[in-house]
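So you can see what is in the structure, the chains are spelled out below.
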Amino acid sequence: AGSSDDCREILSHRLPSRIQSLLEIAGVVAEDLGFMVYMVGGIVRDLLLGVPNYDIDLVVEGEGLVFARALAQRLGGRARVHERFQTAVVVLPDGFKIDVATARTEYYEFPAALPVVHRSSIREDLYRRDFTINTMAICLNPGRFGELIDYFGGRKDLKEGLIRILYNLSFVEDPTRILRAIRFEQRYKFQIEAETLRLARDAIDRRLLGKLSHKRILHELILILEEKDPLPALRRMDEIGVWEYVMPEVRLDSETWIMLRRVPRVLGWLAERWLNIGLRSWVVYLLVILQKLPDSAVEEIVHRYRFDRDVTEILLMGREVPGLAVEIEEIQSLSMSDLNKKLRKLSGEHIAFLLLCLNRPESWERVARYLELKQDVRVKVNGYDLKALGLREGPVYQKILSDLYDANLDGLVKTYDEEIELVKKWISEGRVKDDG
Ligand code: CTP
């Protein structure tokens, strides 16, 4: 049996009291049904490390779906059930989610296949997992609440900072674990344990990553690029020969590294000043990574990985950003409205990439000023006002409002009255025709 230990203290110190009481309730609900319930995986690992993590994964010895429905009812939420996988998500009224699964074993019919699933005990459920540090569980039933289950030496490896697989075929069964090993190793500044590293290299030599679908590789790549600092993991991927299965066309050269290293600063800067953009950091990293490739190679990669439409467009349009950066640096006389013409179609990810491409501090300042202006500037005049000035409705309205926007950007007008005066001037100059 595994060593048992008491985590009640840790639970009460490191989890918000609301989550603690959810866990206690989960234990009572399971007990009433005659099941055992455990909190497992990443959250247990992070609790012991003192890293905040509120992604609750529960495993039930018994019927996970019956438990999930009972828990949802008890908490006034609902259970979204996936019969096929015997898993459920309990969604609370405020949107908080709890993942529930039935304890299971998985058999892999051939290397890199998706597993065949059977019901089992918690021990078997934990044994099928990737690394020892992810195999710990905490029992939630009332009599044993807070008891740490650690069959495979997870706590020791956590203390020693080691990423260790549980059985020799682990990477053969699931080669994505090679990428996961790198991600955890670099995230926690751990080390892949020597024998595990040997088996990983062996799996790489046997080209097992080549058996994975592009979809699964992309999923792991995105997880890596979403890490707080993905660079060490990219470096490690390159070093142990994984990168060539991800994007063989891309050489991670020193110029690319220099730009990659600046990404966190640019993202932090944008988040601070320009809050209202939903910016996906992984897309920014990809823009940088793909930047030196010829168009045809980028198209090939976009096609291979089947990014969604939005990301595809961003990656393809991103090709024009370095050129824009050159223009901005060369033409110092660009007005804010000129800048707007060049930049208005860019996504937040493009803006980040653009900033990365700018070398001169003045250019950076100018784009920053544009972004700030853009946040504040509103056209005060509307269609009714234009009508009141005697203008007939039509495409000209769009044009006037857009010109007014530019005039605001360039500081030519500020107030409603100034906008009205400007439109009148345009009419009198014959730039726009009034009704007639
Ligand atoms: N797992 C696995 N093999 C995989 C993916 C996941 O064994 N290829 C197991 C791991 O043990 C992990 C659990 O499934 O603890 C949940 O996976 P996931 O949510 O991806 O991992 P977390 O440990 O929660 O990682 P993160 O902190 O990145 O969310």
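Residues numbered from 1 in each chain as written. Predicted model: local features only at pLDDT ≥ 70, side-chain atom pairs only at ≥ 80, totals over all residues.

Further remarks concern unusual backbone geometry. Even without being a glycine, Arg207 presents a positive backbone phi close to 60°. Considering the arrangement of structural elements, one finds Arg207 in the loop between α9 (194-205) and α10 (214-225). Positioned with a positive phi, Arg306 is a non-glycine residue whose angle comes to about 45°. As for its placement among the helices and strands, Arg306 is situated in the loop between α15 (295-305) and α16 (309-317). A tally of 11 C-beta atoms within 10 Å means that Arg306 is categorised as exposed. (Helix = DSSP H or I, 4+ residues; strand = E, 2+ residues; numbered from the N terminus. Buried ≥ 20, exposed ≤ 12 C-beta atoms within 10 Å, placed from the backbone.)

It is worth spelling out the site of the ligand at this point. All residues in the neighbourhood of the ligand are listed as Gly41, Gly42, Asp55, Arg129, Asp130, Asn134, Asp174, Thr176, Arg177 and Arg180. Residues belonging to the shell around the ligand are distributed by class as follows: no nonpolar, 4 polar and 6 charged. Taken domain by domain, the makeup of the shell around the ligand includes at least three residues from each of domain 1 (3-159) and domain 2 (161-246). (Near = placed C-beta within 6 Å. Nonpolar A, V, L, I, M, F, W, Y, C, P; charged D, E, K, R; others polar. Domains from an automatic or database assignment.)

For the protein, per-residue confidence averages 93 on the pLDDT scale, and residues scoring 70 or more make up 96% of the total. Scored by ipTM, the complex comes to 0.95, with pTM at 0.89. (pLDDT = per-residue confidence, 0-100.)

Along the chain, Leu401 turns up in helix α22 (residues 395-409). Taking the number of C-beta atoms within 10 Å as the measure of exposure, Leu401 has 16 and is therefore partly exposed.

All right, on to the packing of helix α13 (residues 254-273) against helix α19 (residues 348-357) then. Between α13 and α19, the shortest axis-to-axis distance is 9 Å and the interhelical angle comes to 125°. As summarised for this structure, α13 and α19 are arranged oblique, according to the angle between their axes. As for the relative orientation of α13 and α19, their crossing is right-handed in sense. Contacts between α13 and α19 involve Met259, Arg262, Val263, Val266, Leu267 and Leu270 on the former and, on the latter, Ala352, Leu355 and Leu356. In the contact of α13 with α19, the residues fall into 8 nonpolar, no polar and 1 charged. (Axes fitted to C-alpha atoms, helices over the stretch in contact; angles between N-to-C directions. Parallel < 35°, antiparallel > 145°, perpendicular 65-115°, else oblique. Left-handed = near helix turned anticlockwise from the far one by under 90°. Contact = placed C-beta atoms within 7 Å.)

Quick look at helix α2 (residues 17-33) now. Relative to the 24 Å expected for 17 residues at 1.5 Å per residue, α2 spans 25 Å between its end C-alpha atoms, a close match to the ideal helical length. Where α2 is concerned, the buried positions are Leu22, Ala26, Gly27, Val29 and Ala30. Here the buried residues of α2 occupy an arc of 165° about the axis, which is enough to place them on one side. Exposed side chains of α2 directed beyond 90 degrees from the buried face belong to Ser17, Ser21 and Asp32. (Expected span 1.5 Å × (residues − 1). Arc of directions from axis to C-beta.)

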